[in-house]
Structure formats: C-alpha cells, structure tokens
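Below are the chains, spelled out letter by letter.
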Protein chains: 2
Amino acid sequence: MALAAGAEATGCTHTLMEKSWAKLVNLKNMVIKLGKDDPRRVIHSFKVGLALVLISILQYFRPSFYAFGDNIMWAVLTVVLVLEFSVGATLGKGLNRVLATGFAGALGVGIRRITSFSGDKGKAVLTSTSVFFIAGTVTFMRFSPRLKARYDYGLIIFILTFCLVSLSDNPENELVEVAQERLFMIIVGSCIAIVVCICICPVWIGQDLHHQIAANIQKLADFLEGFGDEYFNNVENTTGAAGDKPFLHRYESVLSSKSSEETMAVLARWEPCHGRFRFRHPWKQYIKIGNQIRLCAYKIKALSVFLLPSEKTPYELRSRIQESCTNISIESGKALKESSLILKHMAKSSMPNGHVANAKAAAESLKSVLRSNPWEGADHLEIIAAATVASLLIDIVVLVENICEAVDELATLANFVPSELLHRGTVQPISDHHGSVHIISIAE
Amino acid sequence: MALAAGAEATGCTHTLMEKSWAKLVNLKNMVIKLGKDDPRRVIHSFKVGLALVLISILQYFRPSFYAFGDNIMWAVLTVVLVLEFSVGATLGKGLNRVLATGFAGALGVGIRRITSFSGDKGKAVLTSTSVFFIAGTVTFMRFSPRLKARYDYGLIIFILTFCLVSLSDNPENELVEVAQERLFMIIVGSCIAIVVCICICPVWIGQDLHHQIAANIQKLADFLEGFGDEYFNNVENTTGAAGDKPFLHRYESVLSSKSSEETMAVLARWEPCHGRFRFRHPWKQYIKIGNQIRLCAYKIKALSVFLLPSEKTPYELRSRIQESCTNISIESGKALKESSLILKHMAKSSMPNGHVANAKAAAESLKSVLRSNPWEGADHLEIIAAATVASLLIDIVVLVENICEAVDELATLANFVPSELLHRGTVQPISDHHGSVHIISIAE
C-alpha cells in the first residue's frame, strides 16, 4: 500500500511537472509571438528599464544634489507612470503631470496659507471643505468628453497633488520648499522619460495612425480587387473557398477600429514635428478618412456573404453582369490602392481619380446592362443574389469616391508634394465593350 | 486722443466681458448637460470628495494611530487612483493595487537583503541590474492582451513599488517597517474607496452592460419594426423623411460599441453578487450577443440606404413584395423586442422563437413570391433595389435568429426563471395569404 501510494505520488509529481512544462512552453511561445508581432515592444521594455536605471544612477550621486532626500521616489513614480509606448502618449502625460502638479501645488499652498489664519478646528474644517469641493469639481470635469480625451491624466494628478499638499504633515514654513523640490523631481522624471522615449527608437503614434489608415485602405482594396474573380469563377463546389484566402477577411479588422483611431489621433496631436509630419499635421482628417473607410467596410461585409457557395446564383445568371461588375470591383480596388499609395509615399497624385472615373463608367455600363434586362425569363428568386451584388457594387463606387476625396483633402491640408517620380503612369479609360482588365501602364 | 483711447479701452473691456460671459454660459450648459445625461456622474463626484474627506478625518485623529507619519499620502494616492465610476473598476483596481504592492514590496525587500551582503559598489550595480530586468520584464508582460485586460494596473503598481523599495533611502533596519506601514495605508485607502463606491449609490458596470445589450437589441427592433412602413409607403416625395425619425438612426451607435462592451465585460467580472446578478454571471456571453447584434447592425446599415427617396424603386414594383417583406421586418423586430424583454426582466420566454418562426415563414413566403416572378417584364435596373431589399431581409432573419439563440443561451447559463406572469401571450403563426400584421394576442 505504501508502495502504491509512493507510485501514485511519483505519478502525480510527473503529471504536475508535465503540466508545468507545458505551461512554460506556452508562455515562451506567447512571449516570442508578442515580440515578433511588434519588435518595438521589446525595445520599449528595454527603455523602461533604462530610464529607471538612469534614476537610480541619479540617486547614487545624490549628495551633490540640492536637498534631494527621499523625494527621489517622485522621479521614480513619474518615470513609471509617464513613460508610455508612444512619444505622443509620453509627451501628453509628461506635460499633463508637470502642469497639473504645478497648478495644484500652487493652489494647495495658497489655500493652506489662508486656512492658517484660523484656529486648529477651523483649519481642519476649511481644509476638508476645500478638498471636498475641489476634488468633486475636478472629478466631474473628467466626465466631459473633450477634457477626458486630452487632459484626463492631468485632472487626476491635479486632485492628487492638491490633496497631498492640503493634507500633508509638513509644517507651514517647510511646505513651499518641499513642494518645490517635489515639482523639481517630477520635472526631472518627466524629462528623463521624454528623453529616453524620443532618443531611443521613438515610436511616433502619428506615424502609426498614418500607416494604419493606409493599411486599412489597402485591405479594402485587396478585397475589392479579388472580389470579381472570386464571385464570378465558374467553380461551383469550392466549399470554404473564402476561408483559406486571407485577403477576403483582412478588411474585418476595419469594422471595429473606430475607438483606436480616435485615441491615436488625440495622442498624435501632442507630437512635435517628426519625419515628414509637422507639429500641426491635420490629424482630425484621419478620423474623417477612417469613418469613410468604415462605411465602405460595412458595405463590403454585406457583399462578402455572396462569396459563400450556398449563396451563389447559377453561373449562367451571374455571367451576364460579370464584365461590368468585375470592372467596378477592380477599378474601385485600384482607386483605393492608389489612395493608399498617396498616404504611403505622402505624395499627391491624381491616379485615384482616373480609377474612380473608370469605376463610375463601369457602374454606368452595369446599369445599361441591367436596363437591357439580362435575366429576362429567369426565376426572380435566383436573380436576387446577383441583383444584390450589382446594387452593392454600384453603392460601393460612391463610397470609394468619398474615401479618395477624403485622402485628397488630406494631401492638400498636409501639403503633400506632387511626386513626378512615383506616378508617371496614366489611367486609360475602360471601354464599355472590351472591358480589358489590365488598363494601367506605368512608364518608369 | 486720450478720450478715444479711453473709449477704445472701454469697448475692448466690454467685448472681453461679453466673450467671457458667453463662455461661462457655455460652460454652465455643458455642465448641466453632463449632469442630466447621467445624474450618477454628480453622485460619483460627491463620492470622491467624501472619500478624501474621510481620509483627512483619519489624518486629524492621527496621534491615536500606529506610526502614521507622512504615510497618509499613500492612502490619499490610493483613494484618488482607485475610486472609479463603477464598482467593477474600483474593486479591480483596489485588488490589483493591494496585491501588486504586497508582492512587489516583498520581492524588493528580499532583493535588498541579498544585495546588502555585497559592498557599496556591488550593491549599486546589483540594484540597478535587478531594477532593469524586473521593470523590463513586467513592462513586456503588459503587452499581453490577456494580462492587459485584467491586470494592467497591477503590473504598473508592481514596477512602481519594486523600484521604490529598491531605490529608497531608508536604512535596512527600518525598511520592512516602512514597507509594512505603506502597505497598510494602501489597504486603508483601498478599503475606503471600495466602501464608499459600494455603499453610496453603487454603479454596477455589469448591470450597465446588461442594460446596454438589451437597449441595443431594442434599437435594432425599432428599426426593423419601422422599416416596412417606411420603405413601402407610397409617398414618393418625402425628402429627408429618414432624417427626422430618430428610430431609424438609433441603431448606428451599435456599429462601434465593440470595445466599450469588451471593457465592460472585463470589469464586470470583478463585481460580487448584486441584485439579480451572481458573482460568476456569464459575462462572456454578453460579448457573444454583442457581436451577433453588430453583425445584424451591419446588415441594417446596408438596408438603410434604400430608405432614401432617391434609392426607391417605383412603388408599383415595391408593392409586389410588400406583404412578405413587411411581415419579415415586423416579425424580426418583434422577435428582437421579445429577446430584449427577456434581458430586461431576466425572465425566460419562448416568445422570440414564435416570432422567429413567423419571420422564417414570411421569408419562405417571400421566396415563393419571388419564384412567381413578380417583376416579369420590368426594367432590371429598377428592380435591383427591391431585389436587394428582399435579399437583405432574408439574410436578416438568420441573424435575428442567431441573436435570439444567443440570448436564450444566456438565459440558460444565467438561470433566468421562466416568468408566467410576463408572457402569458401566444404568437399566432402568420398565414401566407392573409398576412395579417397584428398577430399577437396577450391574455393578461
């Protein structure tokens, strides 16, 4: 029995070790994936470590500093809380922290001066009252969406600092000195955070937003360029065909990107001139483009249903509108691709307009095909899927035009230079009858 | 000239005062709107003020406390940072803060003990190294989406506390005592924040999520119930008709609610049993329902285009599919409304199934209408809009069924009780030929 128990215990230990090992392997894989997905994450972790080591070096040389004392912790607090992944977030938080600490500290010292004229009990009552009203008011201000977007952190720090100064133990005569020292340490911490963030492989959130919007347009373009071939192929039995073609699903991430884009645009406004982005780059326009992209993505979502084999109208019926529908989807895709290139190279171009014009021509051609009643005599139940595809594609042309216009507006607002080098090509108008698919010639 | 300058100055002052006055009025209106939109905001501001006053009262009675000292600031810091609008967020932050402070403090003290055996220089090097590695590793862990969702705040506090302990000035023998005192103050602060948050008009984020999902289903239901009448009315010239009917636009907020729902579901998991929600309420199911709702909303977005007067097929063509389309939209709307009621009253009901069955029957009836080629001879360009509406409505039935199923699953998971009182009605099947619209009789 003892033997059996021993064997069981060994078995248990064995299972436990196996489980732990499996968990460790999982963890390792997760870490590798996180780092591979965005190697800047590893660099950021390194930066946080470095900034804290800088602070600890400062502390090591403390004696040569003016009355440094235990206030080092304010610099540590500041570095840990202020140093964010992107420059925009770090600058925003750093400025918020320094300004809020300064103002709240001054207000707190002022109110303490006033309360010091009353007796001990009066002082306690006045302090509590002022803490109650100021904390309550500032907390309420945090609910304002406009203030929340840019100054939320500052408002919290304001409450915090004001309460600390009001409720602190320091005697009246030391108070100003202590407050000044802490403010100084917070400025030191913020500066270290900002310098480390900007000087070592900076992550500009504005640039990320710019690239994300360009990538999102590209995702829609990929879908549209591929849609024609997918929908009008004659192979009826490709079950799950849409499943293994990633370009047909990539656009889905666009559907729910609204809040992340808005956050990025707010943070980008804190960033100074960098690369080809100036300080007052029109970040709001990106939100506008993003909204237009999403409207198009909703439509594409409705369109994507018809790629399921079960939803397909017989090929014979589909084929009657194949030419113009394929043209619409390819030309819309190309217009979006060109718009995405405008963003990518930050170079003005009129190429999208050519493709939009072609897409519009194709839409008109589709309409005239429809006017000729291509499905005369067919079962109406069978044509509704094809009719829906036609209708959605016609709608998409307008949405694509809106995206291209919004990108063009951005190009004007941000003074993109017209690039002769990138776009020496021309877009040839498609003819209604020949419907050639390869219509762009780029003369390098 | 002096007179003129004086007049000008008076004018300037006058304009300035007017401007300031206008700004003040604006501010007042904004404040009133913020408070009216959600009166709980005013209560929350009051609660923050109160919690801080409680801390200041504690400080006033300080002498009777054990070695309270300047550590009061840790309680203030904790209250300001932990006390959030909802109970879930406050509990999550409070637990994160206390646990992270405890663990990081213990680790920090342990490492300091170890480094104390080496010389002054060795100690500085070892401290810096450990700060670098631990801060870097934990920062990297913050990028993991799973950890970020629930423990982000805890991870920051871990870094913070570990650095503070490692870099603090306190001599070795005082260190443990100081750390214990601070941990104690943080526990006091967290408790005050949690007690104030729960005891005074608590805002349960789980309840908010529950109501939001119910309201979102209701929004879709309103659109669908109204769609039939809107689309099939014979008044061709109601320009902007859709503009002044809010129920046709309310669903739009659903399109971008994904991230807020996910945040709410994560926070809700911290909340204890409250009202009719138990501790392990199936919050994840709400995310699933939310996703189904959004899929339906995307489809409705595509459908809403056809309410524009410019997009309407001539009434004569529309009228041929009016009966079955109206039935689909009304029955889908009713199914959603009943599902929304299941959530609202937290009472199981089979009513949605009846309406879903009716909607399916109506879809079949629409298909048979289409099989009879109702638009024979009509211009195909003119019928594509009507065909698209038919096709989208047929798709919507499936999506509505999915929503109802997901709600039903929630009702099972969360053990909603079957309510005899609420739903003593029956859903009568609609007949294909008479298509009566009022088909529900509720026997009270």
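All chains use their own residue numbering, which begins from 1 and follows the written sequence. For this description, chains carry letters from A and ligands carry numbers from 1, given in the order in which they are written. Given that the model is predicted, a residue must reach a pLDDT of at least 70 before its local features are reported, and side-chain atom pairs must reach 80 or more before they are shown or counted; all residues, however, enter totals for whole chains, interfaces and linings. The side-chain values count all of the structure's non-hydrogen atoms but skip hydrogen atoms and water molecules.

## Overview of the overall build of chain A
What counts, and what does not: Numbered from the N terminus, helices here are DSSP runs of H or I no shorter than four residues, and strands are runs of E no shorter than two. Partly exposed residues are those whose accessible area sits between 20% and 50% of the maximum for their type, while under 20% is buried and over 50% is exposed, using a 1.4 Å probe and protein chains only. Two residues qualify as a contact provided that any one of their heavy atoms is within 4.5 Å of a heavy atom in the partner residue. The Shrake-Rupley method, run with a 1.4 Å probe, gives the accessible areas here. Residue values count only the displayed protein chains as cover.
When helices and strands are counted, chain A shows 14 helices and four strands. Counting over 444 residues, chain A shows a buried share of 52%. Counting contacts in chain A only where the partners sit at least 6 residues apart, residues at least 24 apart contribute 83% of the total. With an accessible surface of roughly 20400 Å², chain A has 63% of that area assigned to carbon and sulfur atoms.

## Section: unusual backbone geometry
All names here are of chain A. With phi around 35°, C201 is a residue other than glycine that occupies positive phi space. You can see C201 is positioned in the loop between helix 7 (172-199) and helix 8 (205-232). For C201, a relative accessible area of 47% gives the class partly exposed. Look at N415: it is not a glycine, yet its phi comes out positive at around 55°. Here N415 shows up in the loop between helix 14 (380-413) and strand 2 (417-418).

## Some details on the environment of E323 of chain A
Residues and elements named next belong to chain A. Relative to the helices and strands, E323 is located in helix 12 (residues 322-345). With a relative accessible area of 37%, E323 lands in the partly exposed category. Distance in space between the C-alpha atoms of E323 and G228 is 9.0 Å, their sequence separation being 95 residues.

## Brief notes about the UniProt feature "transmembrane region" (unreviewed entry) in chain A
Residue and element names in this part refer to chain A. The following threshold applies: UniProt positions are given in the numbering used here, feature names are shortened, and annotations may be inferred rather than shown by experiment.
Sites flagged by UniProt as "transmembrane region" (unreviewed entry) map to residues 42-60, 72-91, 98-118, 124-144, 151-168 and 183-205. Secondary structure within residues 42-60 divides into 100% helix and 0% strand; the distance between the first and last C-alpha atoms comes to 27 Å. Helix makes up 86% of residues 98-118 and strand makes up 0%, while its end C-alpha atoms are separated by 31 Å.

## Some remarks on the interface of chain B and chain A
Here is the rule we go by: Buried area adds together the accessible area that both of two parts lose upon being put together, with accessible area traced by a 1.4 Å probe. Definition used for salt bridges: Asp or Glu carboxyl oxygen within 4 Å of a side-chain nitrogen of Lys or Arg. Under this definition, polar contacts are N or O atom pairs within 3.5 Å; protein pairs additionally need one hydrogen-donor-capable and one acceptor-capable atom, and for neighbouring residues in sequence, both atoms have to be side-chain atoms.
On the chain A side, the residues contacting the 82 residues of chain B number 82 residues. Note on chain B versus chain A: buried area summed over both sides is about 7100 Å², and carbon and sulfur give 72% of it. If you look at where chain B meets chain A, you find zero salt bridges. Where chain B meets chain A, there are 13 residue pairs in polar contact (both at pLDDT 80 or more). With 14 residues, helix 2 (residues 40-60) of chain B is the single largest residue contributor to the side of chain B that touches chain A.

## Looking at a positive patch on the surface
As a reminder of what qualifies: Patch membership is restricted to residues that have no salt bridge and whose relative accessible area is over 30%. Joining uses 9 Å for like charges and 5 Å for the nonpolar side chains Val, Leu, Ile, Met, Phe, Trp and Tyr. Only four residue types enter the charge count, namely Lys and Arg as positive and Asp and Glu as negative; His and the chain termini do not. Charge positions are represented by NZ for Lys, CZ for Arg, CG for Asp and CD for Glu.
Among the surface-exposed residues, R146, R269, R280 and K284 of chain A lie close enough to one another that they form a single positively charged patch. Locating R269 of chain A in the fold gives a position in the loop between helix 9 (258-268) and helix 10 (283-304).

## Remarks on a nonpolar patch on the surface
Nonpolar side chains collect at one region of the surface, where W21, L24, V25, L27, M30 and V31 of chain A lie side by side and expose about 550 Å² of accessible area between them. Summarising the element assignment, M30 of chain A is placed in helix 1 (residues 2-37).

## With respect to the packing of aromatic side chains
Convention followed: Only Phe, Tyr and Trp rings take part, Trp by its six-membered ring, and two of them pair if their centres are within 6.5 Å. Stacked means planes under 30 degrees apart, edge-to-face means over 60, and tilted covers everything else.
A full pass over the atoms with the stated rule returns 23 aromatic pairs over all chains. Geometrically, the ring pair formed by F227 of chain A and Y231 of chain A is stacked, given 5.6 Å between the ring centres and 5° between the ring planes. Here F227 of chain A and its partner Y231 of chain A are both found in helix 8, four residues apart, which amounts to about one turn of the helix. Given the relative accessible area of 0%, Y231 of chain A is considered buried. Consider the rings of F223 of chain B and Y251 of chain B, whose centres lie 5.3 Å apart with planes at 65°: the pair is edge-to-face.

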